[in-house]
Amino acid sequence: MSSGKIHFTGHEKIRFNVPPFTGKEYEYIRQAVDNKKICGDGSFTKRAGEWFEKRTGTKKCLMTTSCTHATELAALLAQIGPGDEVIMPSFTFVSTANAFVLRGAVPVFVDIRPDTMNIDETLIEAAITEKTKAIVPVHYAGVSCEMDTILDIAKRHNLFVIEDAAQGVMASYKGKPLGAIGDFGCYSFHETKNYSMGEGGALLIQDSAYIEKAEIYREKGTDRSKYYRGQVDKYRWQEFGSSYLPSELNVAYLYAQLEEAEKINEWRLARWQEYWSLLAPLAQKGKIELPTVPEGCVHNAHMFYIKTAEERERAALIDFLEARDIVAVYHYVPLHSAPAGMKYGRMSGEDVYTTKESERLLRLPMYYGLTADEVAFVAEKVKEFYGE
Ligand SMILES: *Cc1c(COP(=O)(O)O)cnc(C)c1O
């Protein structure tokens, strides 16, 4: 072994993530090349957008270069500007906040619920000021936020709801697909997500009044989308904008997985369920905690996490697993405690759970292709760590 480490197991290292791959990706990329159309908005991009529109019942789905960029587009469409406030959890990826900070807005962080790690909907109203423009629920681990409450608050205060559904593709809340519940929804197809094109994303738009603007912002401020459809005879600079459309080559890679979306979802859910069953005894003894999926939420097994007693125990468990060739990771240094979070944002109310729970959370290997045997092995090693 090149690492010089003792390998207890005789198996390959169990990686934390392996990008999804179904086998058809090469063929579809070849087709894109053969079509002699590898820039944005070719046939794969069109088909992928339509796939999500049909699947989620959304008026328009624009494929983007990332979820980060989809969120930036949503911020532009909601006309977020300097001094505006946007309510979001602190326990999230930096892009949730960055998209609004780039517009000069202030992220206002609200504590999370310890059961789902999602924004605590009961604390949102107290964070609203006359500057508040939007609420950004993040559906952590593909488990929905309490959307009925959030939509009700947004309606009463006339706020946009921009869903960070980066992790929520194929998951739902009371039968409604995540990303298609708020005004705008943002998906990610980063390598670490359930469906991937390396780097990529999508913006879901519910109200058709925003579609034309969104197409213009996404195409360098031009009406090239209309031009491609033959609706205008030349395209011109209409508005400010940037380049948020992905290459056909990337979307071709993704499209292969969309065709197998159900199969990928079922695979992940099966592994998730196995982890849950195998680790339930440890949870019953109070040694770890397992994730909660509230009634009405159908998740997509984006991740399987456990919670240790506290941070030091988590570090010891990571080392224990690493020595047995298992990669387990944690994430999100709460944004309000990070340098940029302190500079650009503020916390509303107390940080009761955000920091404490983020220090306990540990993600176990989860990807399309992970086997039942591997899950059993990981679960066995976690139990061994706890003396079982
Ligand atoms: C992955 C992720 C993002 C960013 O997605 P990109 O496609 O990499 O820009 C944003 N928010 C959350 C919650 C994520 O998990």
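Figured I'd write up the structure that's included with this text. Residues take numbers from 1 onward in each chain, read along the sequence in its written order. Where local features are concerned, this predicted model is filtered to residues with pLDDT of at least 70; where side-chain atom pairs are given and counted, the filter is 80 or more; whole-chain, interface and lining totals use all residues. Hydrogens and waters are ignored; side-chain quantities use all the structure's heavy atoms.

Looking now at the packing of helix α3 (residues 67–77) against helix α7 (residues 211–218). Under this scheme, a helix contributes an axis fitted over its contacting stretch, all axes are lines through C-alpha atoms, and angles between N-to-C directions fall in the 0 to 180 degree range. Labels follow the DSSP assignment, with helices taken as runs of H or I lasting at least four residues and strands as runs of E lasting at least two, numbered in each case from the N terminus. Here α3 crosses α7 at 125 degrees, and the two axes come no closer than 10 Å. Between α3 and α7, the crossing angle belongs to the class labelled oblique. α3 and α7 meet at a crossing whose hand is right-handed. The segment α3 lies against α7, with Leu73, Leu76 and Leu77 engaging Lys213, Ala214, Tyr217 and Arg218. In terms of residue class, the contact of α3 with α7 is built from 5 nonpolar, no polar and 2 charged. In these notes the angle categories are as follows: under 35 degrees is roughly parallel, over 145 is roughly antiparallel, 65 to 115 is roughly perpendicular, and the rest is oblique. Take the far helix as the reference: if the near one is turned anticlockwise from it by less than a right angle, the crossing is left-handed, and if turned clockwise, right-handed. Between two residues, a contact is recorded if the distance between any of their heavy atoms is within 4.5 Å. Following the grouping adopted for this structure description, the nonpolar residues are Ala, Val, Leu, Ile, Met, Phe, Trp, Tyr, Cys and Pro, the charged ones are Asp, Glu, Lys and Arg, and the polar ones are all others, Gly among them.

Moving on, we get to the site of the ligand. Each residue is tested against the molecule or strand, and it is near if at least one of its non-hydrogen atoms lies within 4 Å. Neighbouring the ligand are 14 residues; Thr68, Asp164, Gln167, Ser188 and Lys193 lie closest to it. In the model, an oxygen atom of the ligand is placed 2.8 Å from a nitrogen or oxygen of the glutamine 167 side chain. In protein, a polar contact means a hydrogen-donor-capable atom and an acceptor-capable atom, both N or O and within 3.5 Å, with residues adjacent in sequence counting only if both atoms are side-chain atoms; elsewhere, any N or O pair within 3.5 Å suffices. One of the backbone nitrogen or oxygen atoms of glycine 200 is found 3.4 Å away from an oxygen atom of the ligand. Areas reported as accessible are Shrake-Rupley estimates using a 1.4 Å probe. Residue values count occlusion only from the protein chains shown. Within the complex, the protein chains bury 93% of what would otherwise be the 380 Å² of accessible surface of the ligand. The residue makeup of the shell around the ligand, split by class, is 5 nonpolar, 7 polar and 2 charged.

Right, let's talk about empty space enclosed by the protein for a bit. Buried and open spaces are told apart on a 1 Å grid over the protein atoms alone, a cavity being a set of points where a 1.4 Å probe fits but cannot get out and a pocket being an open set with protein on both sides within 12 Å along at least five of seven lines. Residues with an atom within 4 Å of a point are the lining residues. Grid points are joined across faces, edges and corners, and a volume is the space filled by probe spheres set on the points. This model, assessed by the stated rule, comprises 5 cavities of 30 Å³ or more. In this model, the largest cavity occupies a volume close to 50 Å³. Around the largest cavity, the lining residues are Thr116, Tyr140, Ala141, Val143, Trp272, Pro291, Thr292, Val293, His299, Met303 and Tyr305. Volume-wise, the second largest cavity comes out at about 50 Å³. If you trace the second largest cavity, you find it lined by Arg113, Thr116, Asn118, Ile119, Glu121, Ser144, Cys145, Glu146, Tyr173, Pro294 and Cys297. Of the residues contributing to the lining of the second largest cavity, the split by class is 5 nonpolar, 3 polar and 3 charged.

That is the geometry; function is a separate question.
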